[in-house]
Amino acid sequence: MTKIAILPGDGIGPEVVREALKVLEIVEKKMEKKFEKVFGYIGGDAIDKFGEPLPEETKKICLEADAIFLGSVGGPKWDDLPPQKRPEIGGLLALRKMLNLYANIRPIRVYKSLVTISPLKEEVIRDGVDLVTVRELSYGVYYGEPRGIDEEKGFDTMIYDRKTVERIARTAFKIARSRRKKVTSVDKANVLYSSMLWRKVVSEVAVEYPDVELSHMYVDNAAMQLVLKPSQFDVILTTNMFGDIISDESAALPGSLGLLPSASFGDKNLYEPAGGSAPDIAGKNVANPIAQILSLAMMLEYSFGMAEVARKIERAVEMVIDEGYRTKDIADDPEKAVSTSRMGDLICRKLEEIW
Ligand code: NAD
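Note that the structure is a prediction, hence the values are computed from the model and not measured.

With respect to spatial proximity, 20 residues lie near the ligand, and among them V73, E88, G276, A278 and N288 are the closest. Here G75 contributes a backbone N or O atom positioned 3.1 Å from an oxygen atom of the ligand. Contacts to the ligand include A278, whose backbone N or O atom sits 2.8 Å from an oxygen atom. The fraction of the free accessible surface of the ligand (810 Å²) that becomes covered by protein chains is 67%.

Structure representation (structure tokens):
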């Protein structure tokens, strides 16, 4: 049986994971397929129970699973611990490292009925924003050697090799094939040697995907184009550091972190919302479960080949938003906002309706 490791974590994690699991239950019923769900502890939750943020038991659960579905970690309760013992570094970063993640996939959508909460002007986003950043995660300047610091200088090495670029490029082209078939590769090939190789290899890989249109863009221009005309992008393929910046810039466009899912590919794939544990609203049943529900859709598509089911979940989410239902983070009038559990129920009901 297909096995999912479920790590709800801290803050709003357990609340929003619960809603996503309701959606999974409907999928199981409709598809007549059962997933084995194994729950594990991570982050502050694990520190409280086991004294460490990534216990052996959790590692084992993750390594034996076909995919990992995570809420979020961290919170003020654990902020005074030494860095390696904290939920974020000792828990989530250690898990990511253990999984040898090489790609981070972040879809960004500005829903038509939510244009007013985007920080961009309506006329800029009227054409719709529906893009995915595919960020290389395992290489580049964050890991290149030599690196170091002394009293007089600090230095890092930005390095990319052919194999690494080929792998991430193929990931991006495959994703583009299931979308609008456009890849924009973002680099700094006018200045950086590592980017010159990046551009050359991406262009070579593109030949394997003749149905996908490839263009190249310098990262400074891409940063500008994202706020001037975001509708031009479908799949943005980029390096570790450029992706770090570009994906956060694009994350600002929809207007709430509560809408943004993510996936990371590695030895095992990890699915989690782009936002954190939101301790300011935890335990109040007000968090937006959509990011977690869309992360579930990504898991069904990328780990279990259920693209059609993923599209159905995305459609149910969009229809519920179009009908005017809002959690507090996306509501014009917070008085009329629905709770986390109500939003989950509405999406489930809609999913059943449109199945
Ligand atoms: P955050 O993403 O948790 O919150 C930022 C803001 O966005 C807050 O106002 C929060 O209420 C809001 N928000 C986030 N998700 C939301 C949702 N689903 N619905 C409604 N509103 C939502 O970032 P932060 O405040 O910088 O960090 C809080 C804690 O989370 C820290 O301990 C941090 O280390 C941790 N963190 C964890 C992850 C992760 O687990 N992947 C990522 C980022 C931060």
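From this point, the narrative continues.
This paragraph deals with the packing of helix α10 (residues 290-302) against helix α11 (residues 307-322). In contact at an axis separation of 7 Å, α10 and α11 are set at 160° when each is read in the N-to-C sense. Taken together, α10 and α11 sit at an angle that is classed as roughly antiparallel. Crossing angle aside, the handedness with which α10 passes α11 is left-handed. Mapping the contact onto sequence places I290, I293, L294, L296, A297, L300 and E301 in α10 and A307, V309, A310, R311, I313, E314, V317 and I321 in α11. Within the contact of α10 with α11, the residues separate by chemical class into 12 nonpolar, no polar and three charged.

Moving on: the pairing of strand β9 (residues 213-218). Alignment of strand β8 (residues 182-187) against β9, held across six bridges, turns out to be parallel. Its bridge partner being in β9, V186 is matched across the sheet by M217. On the question of chirality, the crossover connecting β8 to the parallel β9 by way of helix α7 (residues 193-206) is right-handed.

Throughout the structure, instances matching the rule amount to six aromatic pairs. Geometrically, the ring pair formed by Y139 and Y160 is tilted, given 6.0 Å between the ring centres and 35° between the ring planes. Here Y139 is found in the loop between β5 (129-136) and β6 (148-149), whereas its partner Y160 is found in the loop between β7 (154-155) and α6 (162-177), with 21 residues between them in sequence. Y160 gets classed as buried once you look at its relative accessible area, which sits at 7%. Ring centres of Y160 and W198 lie 5.2 Å apart, and the angle between their planes is 70°; this geometry places the pair in the edge-to-face category. Residue Y160 is found in the loop between β7 and α6, and its partner W198 is found in helix α7; the two are separated by 38 residues along the sequence. Summarising the burial analysis for this pair, Y160 and W198 share the class buried. Linked through ring pairs, Y139, Y160 and W198 together constitute an aromatic cluster. Across from the ring centre of F35, 5.0 Å away, lies the NZ or CZ of K33, which sits over that ring. The ring of F50 has K49 sitting right over it, with the charged end atom 5.8 Å from the ring centre.

Another point: the pairing of β8. By the criterion of burial, β8 is predominantly enclosed, with five of the six residues buried. Both β8 and strand β10 (residues 235-238) contribute to a ladder of four bridges, which runs parallel. Bridged to V186 within β10 is T238.

A word on unusual backbone geometry. A cis amide bond, omega 0°, links E145 with the succeeding residue P146. One non-glycine residue, N100, lies in the positive phi region at around 50°. Residue placement: N100 occurs in the loop between α4 (87-98) and β4 (103-110). The exposure class assigned to N100 is partly exposed, which follows from its relative accessible area of 46%. Backbone geometry at K181 places phi at a positive 65°, although glycine is not the residue there. For K181, the location among the structural elements is in the loop between α6 and β8. You can call K181 partly exposed: its relative accessible area is 34%.

Rules behind the numbers
- Residues numbered from 1 in each chain as written.
- Predicted model: local features only at pLDDT ≥ 70, side-chain atom pairs only at ≥ 80, totals over all residues.
- Heavy atoms only, no water.
- Near = heavy atom within 4 Å.
- Polar contact = N/O pair within 3.5 Å; in protein donor to acceptor, adjacent residues only side chain to side chain.
- Areas by Shrake-Rupley, 256 points an atom, 1.4 Å probe, with all protein chains shown as cover.
- Axes fitted to C-alpha atoms, helices over the stretch in contact; angles between N-to-C directions.
- Helix = DSSP H or I, 4+ residues; strand = E, 2+ residues; numbered from the N terminus.
- Parallel < 35°, antiparallel > 145°, perpendicular 65-115°, else oblique.
- Left-handed = near helix turned anticlockwise from the far one by under 90°.
- Contact = heavy atoms within 4.5 Å.
- Nonpolar A, V, L, I, M, F, W, Y, C, P; charged D, E, K, R; others polar.
- Pairing = 2+ DSSP bridges.
- Right-handed = clockwise from strand over helix to strand, strands pointing away.
- Phe/Tyr/Trp six-rings, centres within 6.5 Å; stacked < 30°, edge-to-face > 60°.
- Buried < 20%, exposed > 50% of the residue type's maximum accessible area, 1.4 Å probe, protein only.
- Lys NZ or Arg CZ within 6 Å of the ring centre and 35° of its normal.

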